[in-house]
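A closer look at the structure
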Amino acid sequence: MSRQPAFPDFIDEELLRVPMTLDTVIDAVHERWRMRLPHHQPGDPDPARTLRMHRGALVAETLRALREMTLADLAPSPGTAGPAGLAPGPVPGNAARSGAGRPARPQDLALIDEDDVAVDIEIARCARFVKQEAEAELRELHTYTSALVHDLNVARETNPFGPERFARALWLGVQRLPLGKPVQVAFMHDAAEPLAETLRRAYASASQRLQAQGVEPAAYRTIVFGGGTAWGSDLSRYRPSEGLHELQAGKAAAWLAPDTPARPPPPAAQGPAQPKPPPVAPAAADPQRVELLARLFHAMRQERGLADHTHELLARLQPVILRLVQSDAAPLEAYDHPAWRLMNQLAFDIECSSPGLLARLLSLGNSLAEHLAGTPQVKAAHFTWAIVRLAAARQHALDQAVAAAGPQIARLQRIARDEASAATAAVPLDIGTLDTVPAKLLPEPAPERRPSASLDAAQASTPGTHLRCHLQGRWRHLMALWQEPGSEMVLLLEPAQGRLWALRQPALARLLAESLARPLRPRSLVRRAADRLLREA
């Protein structure tokens with residue numbers, strides 16, 4: 001009976017096969033370059049000849065980068081004895097070159113332009129192409145590698161040679177070629193298709209070897225819904241309701257126990273002469289509202305990605321909203337009620353807060369919850385007041401961050417002034433010549449049209465906007481900090497690391513156009529909870 005391989009044995013065996021994979025990709029790119037050379041400067045060396053001469057350095061550097069990334073997987077996580085979850089690995093980019101594109105620090109501020117973003121775009125494009133072409137093989141290999149690390153539910157990424165990692169390692173190897181950056185980017189572009197085909201076969205072969213060695217694959221935990229789920233499908237599929245009416249009308253009644261007393265109907269009118277009844281004590285809370293609210297909060301606690309601090313604040317707000325629902329059914333009729341918007345904003349601010357500001361934000365959230373709990377007759381206006389307080393705290397934190405980045409902002413302003421003066425000096429104007437041109441010969445001014453990506457970039461760079469952005473080979477959470485009026489300079493802050501990133505508007509526009517950047521907005525917790533309840537009903 002053969003011994004089941006361990007995770008390190010699998011990594012060592014696959015690393016031995018990486019050079020053959022890279023040779024196949026290099027041969028395909030070299031053959032393409034022999035037929036049609038990529039764009040390069042006239043004085044640069046011949047790309048095809050240079051690739052053939054330095055292919056050994058490319059393979060060696062790519063293999064070294066992959067080995068370093070996979071060795072990080074074998075390091076145990078804190079408090080565990082097994083392999084750690086797959087780390088993102090070394091960040092590719094231009095750190096070893098002139099310094100352009102590195103994360104901005106107080107003493108090292110780099111400006112990322114379109115050329116730097118082009119590298120990230122091609123790395124992401126290459127990885128995405130591999131994912132599309134080898135989707136089935138990736139899923140199958142994922143079950144085997146999950147079994148090797150005892151992740152029986154396939155709950156995390158366990159493939160040490162995934163598309164993103166392989167593409168990043170290949171870019172590090174391409175930088176060993178003595179070619180200009182445009183040609184290196186062209187290599188990544190031309191390598192996407194052969195790399196996808198080669199890795200597809202490599203993933204399938206790895207699964208077959210693990211199966212032959214007696215590895216029992218893990219199983220995905222999936223939920224299958226009826227209807228067409230493919231992109232652009234015209235078949236019927238589940239869509240969440242636009243409000244809580246469906247839950248309140250039909251589903252909530254089915255959850256009530258058979259012996260739950262129902263609210264008595266109001267008495268019928270007996271005519272205008274009937275005297276008014278004497279005042280009575282307020283009626284008990286509607287059991288349907290209470291049950292529905294309890295189930296909604298239970299579903300919110302199952303929401304993935306919420307921090308423990310968020311769950312604690314939601315638990316403190318639940319009795320306050322229950323008091324509001326007893327006298328006002330509005331929170332159970334609309335997703336955008338101030339009570340829900342306060343919870344959404346609190347969860348979003350906690351998720352996007354830096355470690356240094358988290359304690360202050362939690363103190364404010366607890367104070368708001370305590371104030372609402374102490375209000376005798378809580379109304380929607382009280383939640384609106386709390387939302388305004390949260391907005392003031394965010395603005396104060398933004399002002400503090402801008403003040404702390406003052407030296408870097410001053411440096412960017414000097415760069416913008418220098419570039420503006422250089423551009424003006426390079427284009428002299430001949431006013432006399434312009435005056436001699438008849439007005440009827442001048443073309444009609446066309447209406448200014450900007451690409452939609454540029455419009456998105458202008459909105460995404462508004463100070464205080466949070467972004468999920470792919471920079472330097474990693475997905476990062478950034479916050480727009482400052483933008484020079486009338487300039488392309490944008491300064492962003494990475495709250496988790498305290499790093500500053502300086503981008504140009506065209507670079508941000510390209511990231512948005514390539515779906516490598518998108519604005520982050522608060523998610524509707526009650527909408528997602530209602531969606532979950534409707535699916536379970």
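As a starting point, this report considers the structure included with it. (Residues numbered from 1 in each chain as written. Predicted model: local features only at pLDDT ≥ 70, side-chain atom pairs only at ≥ 80, totals over all residues. Heavy atoms only, no water.)

1. Thoughts on the overall build of the chain
Looking only at helices and strands, the chain features 18 helices and six strands. In the chain, which comprises 537 residues, the share counted as buried stands at 41%. When the accessible surface of the chain is summed, it comes to about 29700 Å², and 55% of that surface belongs to carbon and sulfur atoms. (Helix = DSSP H or I, 4+ residues; strand = E, 2+ residues; numbered from the N terminus. Buried < 20%, exposed > 50% of the residue type's maximum accessible area, 1.4 Å probe, protein only. Areas by Shrake-Rupley, 256 points an atom, 1.4 Å probe, with all protein chains shown as cover.)

2. Points about the nonpolar core
One finds Phe10, Leu170 and Phe187 to be the most contacted residues of the largest nonpolar core, which totals 53 residues. Mapped onto this core, the elements with two or more residues apiece are α1 (7-35), α2 (47-53), α3 (55-74), α4 (114-133), α5 (135-148), α6 (163-174) and α7 (181-212). Listed in part, the 39 residues of the second largest apolar core include Leu306, Ile321, Leu390 and Leu533. (Core = buried A, V, L, I, M, F, W, Y, C linked by side-chain atoms within 4.5 Å.)

3. As for the packing of aromatic side chains
Considering all chains together, one arrives at three aromatic pairs under this definition. Considering the side-chain rings of Phe10 and Phe161, the 6.4 Å spacing of their centres and the 65° angle between planes classify their relative orientation as edge-to-face. Of this pair, Phe10 sits in helix α1 while Phe161 sits in the loop between α5 and α6; the two residues are 151 residues apart in sequence, bridging distant segments of the chain. Of the residues examined, Phe161 reaches a relative accessible area of 6% and is grouped as buried. For the pair Phe297 and Trp340, a centre-to-centre distance of 6.3 Å together with 50° between the ring planes defines the contact as tilted. With Phe297 in helix α9 (residues 287-301) and Trp340 in helix α11 (residues 338-352), the pair connects residues that are 43 residues apart, well separated along the chain. You'll find Phe297 and Trp340 in the same group, each marked buried. If you follow Arg468 out to its NZ or CZ, it ends over the ring of Trp475, 4.3 Å from the centre. (Phe/Tyr/Trp six-rings, centres within 6.5 Å; stacked < 30°, edge-to-face > 60°. Lys NZ or Arg CZ within 6 Å of the ring centre and 35° of its normal.)

4. Quick look at the side chain of Glu494
Mapped onto the elements, Glu494 comes out in strand β4 (residues 489-494). Setting aside residues no more than four positions away along its own chain, Glu494 makes contact with Arg476, His477, Leu478, Arg499 and Trp501. (Contact = heavy atoms within 4.5 Å.)

5. Section: the pairing of β4
Most of β4 sits out of view: six of its six residues are buried. Here strand β3 (residues 474-483) folds back onto β4, and the loop between the two strands holds five residues, one of which, Gly486, carries a positive phi near 75°. The pairing of β4 with strand β5 (residues 499-504) spans six bridges and is classified as antiparallel. The partner of Glu494 across the bridge, within β5, is Arg499. Where β4 folds back onto β5 in an antiparallel hairpin, the turn is made up of four residues, including Gly498, whose phi is positive at roughly 70°. (Pairing = 2+ DSSP bridges.)

6. Describing the packing of α9 against helix α18 (residues 525-536)
The relative placement of two packed helices comes down to the angle between their axes together with the axis-to-axis distance. Contact geometry for α9 and α18: axes closest at 8 Å, N-to-C directions at 100°. In terms of axis orientation, α9 runs roughly perpendicular to α18. Facing α9, whose interface residues are Arg295, Leu296, Ala299 and Met300, α18 presents Leu525, Val526, Ala529, Ala530, Arg532 and Leu533. (Axes fitted to C-alpha atoms, helices over the stretch in contact; angles between N-to-C directions. Parallel < 35°, antiparallel > 145°, perpendicular 65-115°, else oblique.)

7. Remarks on the pattern of salt bridges
Summed over the entire model, instances satisfying the criterion amount to 24 salt bridges. The closest approach of N and O atoms between Glu137 and Arg200, which form a salt bridge, is 3.6 Å. Residue Glu137 is located in helix α5, and its partner Arg200 is located in helix α7; the two are separated by 63 residues in the primary sequence. The class of Glu137 is buried, set by a relative accessible area of 15%. (Salt bridge = Lys/Arg side-chain N within 4 Å of Asp/Glu carboxyl O.)

8. Examining helix α12 (residues 355-373)
For α12, built from 19 residues, the straight-helix expectation of 27 Å at 1.5 Å per residue is met to within 8% by its first-to-last C-alpha distance of 27 Å. Listed in full, the buried residues belonging to α12 are Leu361, Leu362, Leu364, Gly365, Leu368, Ala369 and Leu372. Projection of α12 onto a plane perpendicular to its axis shows the buried side chains occupying an angular sector of 165°, all on one side. For α12, the exposed residues set more than 90 degrees away from the buried face come down to Gly356, Ala359 and Glu370. The inward-facing, buried residues of α12 contact α10 (308-327), α11 and α13 (380-404). (Expected span 1.5 Å × (residues − 1). Arc of directions from axis to C-beta.)

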